[in-house]
Amino acid sequence: MIASLALAAALQTAAIDWNGLAPLPFRAPPIITPEMRAFVQREAVSRKCPLLKPGTLDVEVAVLVDEANGIRTTVPRAIRCPTVEQYAAALVASFARNNLLPRSGTGTGQIWYRAHLNFTWTP
């Protein structure tokens, strides 16, 4: 656990090649519920988070997956909205638990992936 936290802290200061990460191979796509959307909306509005367009907030999360398809750590991409960043990272870990496609090939070890969550609401 401590190693995962140290790794996550180190990654937040190092540059992540977000475009170089393969998409997280979900077996079933994540479903953003109205409650999740409402929480993000409240946080984004109350904390004056920057939005690319009104009523929309996108969050990318780097995910380290181990050999057994377990989630080792998640690192949200900074969007100047820390509460939503951490919430998205936790959601991705939850969505991925027991919901990843088996790995193809014979490679072992830990692999980094990228997950993308899109929250939309009526402004």
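Residues numbered from 1 in each chain as written. Predicted model: local features only at pLDDT ≥ 70, side-chain atom pairs only at ≥ 80, totals over all residues. Heavy atoms only, no water.

A.B. asks: I'm lost on the sheet that holds strand β2 (residues 56-65) in this one. Help?
C.D. replies: Sheet strands pair via backbone hydrogen bonds, and the direction of the pair is either parallel or antiparallel. The strand order β1-β4-β2-β3 describes an open sheet built from 4 strands, whose pairing is mixed. Since the sheet does not close on itself, it has two edges, and those belong to β1 (22-23) and β3 (71-76), each with one partner. By the bridge criterion, 2 bridges tie β1 to strand β4 (residues 111-120) in an arrangement that is parallel. Within the sheet, the bridge partner assigned to Pro-23 lies in β4 and is Arg-114. (Pairing = 2+ DSSP bridges. Helix = DSSP H or I, 4+ residues; strand = E, 2+ residues; numbered from the N terminus.)

A.B. asks: Where do I start with the pattern of salt bridges in this structure?
C.D. replies: Pairing is possible between side chains of opposite charge, provided their charged atoms come close. Evaluation of the coordinates by the stated rule reveals 3 salt bridges. We note a salt bridge from Arg-47 to Glu-43, for which the minimum N-O separation is 2.5 Å. We classify Glu-43 as buried; its relative accessible area is 13%. One salt bridge in this structure joins Arg-114 and Glu-60, with 3.8 Å as the shortest N-O distance. With a gap of 54 residues between them, Arg-114 in strand β4 and Glu-60 in strand β2 connect regions that are remote in the sequence. Residue classification places Glu-60 among the buried residues on the basis of a relative accessible area of 15%. Several salt bridges share partner residues, and in doing so they unite Glu-60, Arg-77 and Arg-114 into one network. (Salt bridge = Lys/Arg side-chain N within 4 Å of Asp/Glu carboxyl O. Buried < 20%, exposed > 50% of the residue type's maximum accessible area, 1.4 Å probe, protein only.)

A.B. asks: Can you walk me through unusual backbone geometry in this structure?
C.D. replies: Glycine aside, the phi torsion of most residues is negative, and most peptide linkages are trans. With a phi angle near 55°, Lys-48 is a residue other than glycine that sits in the positive phi range. When you line up the elements, Lys-48 lands in the loop between α2 (34-46) and β2. Look at Lys-48 and you get exposed, because its relative accessible area is 71%.

A.B. asks: When you look at the pairing of β3 in this model, what are you seeing that I'm missing?
C.D. replies: Along any regular strand the residues' side chains alternate between the sheet's two faces. For β2 and β3, the ladder comprises 5 bridges, and the chain directions are antiparallel. Bridge pairing links Val-61 to Pro-76 in β3. Counting the residues that bridge the hairpin from β2 to β3 gives 5 residues, and of these Asn-69 lies at a positive phi of roughly 65°.

A.B. asks: Before we go on, may I ask you to explain the nonpolar core in this structure?
C.D. replies: Generally speaking, soluble globular proteins have nonpolar side chains that are buried together. In terms of nonpolar packing, the biggest core is built from 27 residues, with Leu-24, Leu-117 and Phe-119 touching the most fellow members. Among the elements of the structure, α2, β2, α3 (82-96) and β4 are those that each provide at least two residues to this core. The dominant element in this core, judged by the number of residues it contributes, is α3, at 7 residues. Core analysis: the next-biggest nonpolar cluster, separate from the first, contains 5 residues, Ile-16, Trp-18, Leu-21 and Ala-62 among them. (Core = buried A, V, L, I, M, F, W, Y, C linked by side-chain atoms within 4.5 Å.)

A.B. asks: How should I be thinking about the layout of surface pockets in this particular structure?
C.D. replies: To locate leftover empty space, one rolls a probe as large as a water molecule over the atoms. Roughly 220 Å³ of volume is contained in the largest pocket. The element that contributes the greatest number of residues to the lining of the largest pocket is β2, accounting for 5 residues. The residue makeup of the lining of the largest pocket, split by class, is 6 nonpolar, 2 polar and 4 charged. (1 Å grid on protein atoms, 1.4 Å probe; cavity = no way out; pocket = protein on both sides within 12 Å on 5 of 7 lines; lining within 4 Å. Points joined across faces, edges and corners; volume = space filled by probe spheres on them. Nonpolar A, V, L, I, M, F, W, Y, C, P; charged D, E, K, R; others polar.)

A.B. asks: Explain α3 here, please?
C.D. replies: Note: α-helices contain 3.6 residues per turn, so residues at a spacing of three or four share the same orientation. In this model, α3 (15 residues) spans 21 Å end to end at C-alpha, consistent with the 21 Å of a helix rising 1.5 Å per residue. Restricting attention to buried positions, one finds in α3 the residues Val-84, Glu-85, Ala-88, Ala-89, Leu-91, Val-92, Ala-93, Phe-95 and Ala-96. Residues of α3 that are buried in the fold lie against α2, β2, β3 and β4. Positive phi appears at Asn-98, one or two residues downstream of α3, with a value of about 55°. (Expected span 1.5 Å × (residues − 1). Contact = heavy atoms within 4.5 Å.)

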